[in-house]
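Read off the chains here:
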Amino acid sequence: MDFPRLQFAIFIAALLIAEFMFLNLQSAFTWLLISIATLCLIWQLWWILPYTCLWRKEVQKATNSCFENQISILTANVLTPNRKANRLIQLVREHKPDVLVTLESDQWWEDQLKVLETDMPHTIKCPLDNLYGMHIFSRLPLDEQEISFLVEKDVPSIHTTIKLRSGTTVRMHFVHPAPPSPTENPESAERDAELVIVARSVAESDKPVIVTGDLNDVAWSATTRLFRKISGLLDPRVGRGMFNTFHADIPFLRWPLDHLFHSQHFTLNSIKRLPSIGSDHFALLTKLTFSPIKGAGQEGLDSDASDHQWSKEIAEEQDVSKDDVPQPGESK
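Summarised in this report is the structure supplied together with it.

### Considering the overall build of the protein chain
Part 1 of the argument: If you tally the helices and strands in the protein chain, you get 8 helices and 11 strands.
Part 2 of the argument: Its C-alpha atoms give the protein chain a radius of gyration of 21 Å, near enough to 20 Å, the size a compact globule of 332 residues would have.
Part 3 of the argument: Overall, the protein chain is about 70 × 45 × 45 Å in size when its C-alpha atoms are taken along their principal axes.
Part 4 of the argument: Here the protein chain holds 332 residues, and 55% of them are scored as buried.

This is how it looks when you write it as C-alpha cells:
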C-alpha cells in the first residue's frame, strides 16, 4: 500500500471538500469525520511531499559547467515484448547520454541496439528472456565489470566502474530486483534484500557512487527510504518532483519506480522523464556533475540503530551479505 499514497491523498482531499459541502457542519459527528480525514491526509502527505517542489532540494543545482566532469545516464525499462526499439534509439541519438542502461532487454533487444555501439562502444550484456535481462552501453570506458545474481539466481545486477572524461573513476551499480507479485514473490523479501545488500556495500565506500535501475518500489516507501538511510546516497528528485515512470499507459496510476541515487560527490544538472518508447515505463534521463567540494554539504536521510538492525534482519532472512556485492574501484 506504499504505492498509491498520491492517489489516496487526492481521494481524501476530494472527500474533505465533499464533507464541507454536503454534511451538517453543526454536527459533532461531521467534525469527527473531518478530523479523521484531515489526519489521514496529513499522513499521506508526510510521505509524498518531499517529492514535490514544496520541499527543500536534497541535491544542489550544478554550477560547474566543466564538460569533463559531467555524466549523463539514461535508464530505460524497455518491456521485453515491446518491439518499438527505434523509439529508444531515437531518444539516445537525440539526447546523447554517456550511459544507457536497459532493463528487461533480451537477445532481440540486444540485436536491435547494436547500432548504438558505434557511438557507445563500451558494453556489458546480460540478455535474458525472463523480464530481467540488462544491458549497458557507454561512451565512457568501463572497467572491473561484473554481472552478479545477489539474491535470486535468475535476477542479475551489474557492477562496474566508469571513467569520466576528467579521469575520475566512479563506482556504478545497475539493479532491477524482482517485485512482490503473486506469480513471482508473494512478499517483497527478495526485492528488499537486494536493495539492502547494495546499500550496505555502498555505505562502506568513500568513492563516487551512482546506483540506478528499476527498483520495483516507489521513492517514498519504507524500504527505499531504508536504502537511502543505509547507503547515505542522495535522491535528486527530492524537492523537484516525483518523475513518475510507471505506468506509461495509465496516467492516474503512475509511480516513481525507476530511480537514480548518487553520493554527495555529485550535483545535478538536470533530471527529466522522456517520451514513451512503447514500454509500460518511461525512460529517465539524469545528468550529474562531479563537484565534490560543492556537494560536500549535501545531506540525505539519517540512519539510526533501528535502521541498521532492520537492514541486517532483511539480509539475514535471504542469507546474503554485503560482501556478495562486487565493489569495483575499491582497494582490496
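### A closer look at the sheet that holds strand 1 (residues 70-77)
Part 1 of the argument: Read from one edge to the other, the open sheet built from 6 strands follows the order 3-4-2-1-11-10, with strand pairing classed as mixed. The sheet is open, and its two edges are formed by strand 3 (122-126) and strand 10 (266-273), each paired on a single side. Sheet twist, expressed as the average angle between the axes of neighbouring strands with direction ignored, equals 15°.
Part 2 of the argument: Two elements, strand 10 and strand 11 (residues 284-290), share 7 bridges in a ladder whose sense is antiparallel. Bridging across to strand 11, phenylalanine 266 finds its partner in phenylalanine 290.

### Side note on the packing of aromatic side chains
Part 1 of the argument: The final tally for this structure, using the stated rule, is 9 aromatic pairs.
Part 2 of the argument: Seen in terms of ring centroids, tryptophan 46 and tryptophan 47 are 5.0 Å apart; in terms of plane orientation they differ by 85°. Their pairing is edge-to-face.
Part 3 of the argument: For tryptophan 46, a relative accessible area of 46% gives the class partly exposed.
Part 4 of the argument: Members of the aromatic cluster, each reached through a chain of ring pairs, are Trp43, Trp46 and Trp47.
Part 5 of the argument: Sitting over the face of the ring of tryptophan 47, arginine 5 holds its NZ or CZ atom 4.4 Å from the ring centroid.
Part 6 of the argument: Against the face of phenylalanine 282 rests arginine 273, its NZ or CZ located 4.4 Å from the ring centre.

### A look at a nonpolar patch on the surface
Part 1 of the argument: On the surface, Ile10, Ile250, Phe252 and Leu253 cluster together to form a nonpolar patch covering roughly 350 Å² of accessible area.
Part 2 of the argument: Its place among the elements puts isoleucine 10 in helix 1 (residues 5-22).
Part 3 of the argument: The class for isoleucine 10 is partly exposed, based on a relative accessible area of 43%.

### Thoughts on the side chain of histidine 262
Part 1 of the argument: Mapped onto the elements, histidine 262 comes out in strand 9 (residues 258-262).
Part 2 of the argument: With residues near it in sequence (within four places) discarded, histidine 262 still touches Val59, Val209, Ile210, Leu233, Leu234, Pro236 and Leu288.

### Some thoughts on the nonpolar core
Inside soluble globular proteins, nonpolar side chains tend to come together where they are buried.
Part 1 of the argument: Counting residues in hydrophobic clusters, the biggest one holds 27 residues, and the most contacted among them are Ile71, Ile136, Ile162, Met172, Phe174 and Ile210.
Part 2 of the argument: Those elements giving two or more residues to this core turn out to be strand 1, strand 2 (99-103), strand 4 (134-138), strand 6 (157-163), strand 7 (169-175), strand 10 and strand 11.
Part 3 of the argument: With residues near it in sequence (within four places) discarded, methionine 172 still touches Ile71, Ile73, Ile158, His159, Thr160, Ile162 and Ile210.
Part 4 of the argument: Residues Val196, Phe261, Ile314 and Ala315 belong to the second largest nonpolar core, which totals 21 residues.

### Points about the pattern of salt bridges
Part 1 of the argument: This structure, assessed with the given rule, holds 9 salt bridges.
Part 2 of the argument: One salt bridge connects lysine 125 with glutamate 117, and the closest N-O pair in it is separated by 2.7 Å.
Part 3 of the argument: Judged by relative accessible area, glutamate 117 falls into the buried class, the value being 19%.
Part 4 of the argument: Here arginine 191 makes a salt bridge to aspartate 217, at a shortest N to O gap of 3.5 Å. Pair noted here: arginine 191 is in helix 5 (residues 189-203) and aspartate 217 is in the loop between strand 8 (209-214) and helix 6 (222-231), with a separation of 26 residues, a long-range link. Grouping residues by exposure puts arginine 191 and aspartate 217 together as buried.

### Digging into the packing of helix 5 against helix 8 (residues 305-317)
Part 1 of the argument: Relative orientation of the contacting elements helix 5 and helix 8 amounts to 120°, with a least axis distance of 8 Å. In terms of axis orientation, helix 5 runs oblique to helix 8. Once helix 5 is placed against helix 8, the crossing between them reads as left-handed. Mapping the contact onto sequence places Ala189, Asp192, Ala193, Val196, Ile197 and Arg200 in helix 5 and Ser311, Lys312, Ile314, Ala315 and Glu317 in helix 8.

Criteria and cut-off values
Per chain, residues are indexed from 1 in the order of the written sequence. Only residues with pLDDT of at least 70 are given local features in this predicted model, and only at 80 or more are side-chain atom pairs given and counted; all residues enter the totals for whole chains, interfaces and linings. Side-chain metrics in this entry use all non-hydrogen atoms of the structure; hydrogen atoms and water are not considered. Helix and strand assignments come from DSSP, with helices taken as H or I runs of at least 4 residues and strands as E runs of at least 2, each series counted from the N terminus. C-alpha atoms define the radius of gyration, and 2.2 Å times the number of residues to the power 0.38 defines the globule rule. Think of it in three bands: with a 1.4 Å probe and only protein chains considered, a residue is buried below 20% of the maximum accessible area for its type, exposed above 50%, and partly exposed in between. When DSSP locates at least two bridges between a pair of strands, those strands are taken to pair. Orientation is described by lines fitted to C-alpha atoms, with helices fitted over the stretch in contact, and by angles between N-to-C directions that extend from 0 to 180 degrees. We call Phe, Tyr and Trp rings a pair once their centres come within 6.5 Å, taking the six-membered ring for Trp, and we label the pair stacked below 30 degrees between planes, edge-to-face above 60, and tilted otherwise. In this analysis the charged atom, NZ for Lys or CZ for Arg, is taken to sit over a ring once it is within 6 Å of the ring centre and within 35 degrees of the ring normal. By definition, no residue in a patch forms a salt bridge, and every one has over 30% relative accessible area; like charges are joined within 9 Å, nonpolar side chains (Val, Leu, Ile, Met, Phe, Trp, Tyr) within 5 Å. Accessible areas in this description were obtained via Shrake-Rupley with a 1.4 Å probe; residue shielding takes into account the shown protein chains only. Salt bridge, as used here, is a side-chain nitrogen of Lys or Arg placed within 4 Å of a carboxyl oxygen of Asp or Glu. Should any heavy atoms of two residues lie within 4.5 Å, those residues are considered in contact. In this text, buried Ala, Val, Leu, Ile, Met, Phe, Trp, Tyr and Cys residues form a nonpolar core when linked through side-chain atoms within 4.5 Å. Any angle that is under 35 degrees is reported as roughly parallel, and any over 145 degrees as roughly antiparallel; angles of 65 to 115 degrees are reported as roughly perpendicular and all others as oblique. In this scheme, a crossing is called left-handed if the near helix is turned counterclockwise away from the far one by less than a right angle; it is called right-handed if the turn is clockwise.

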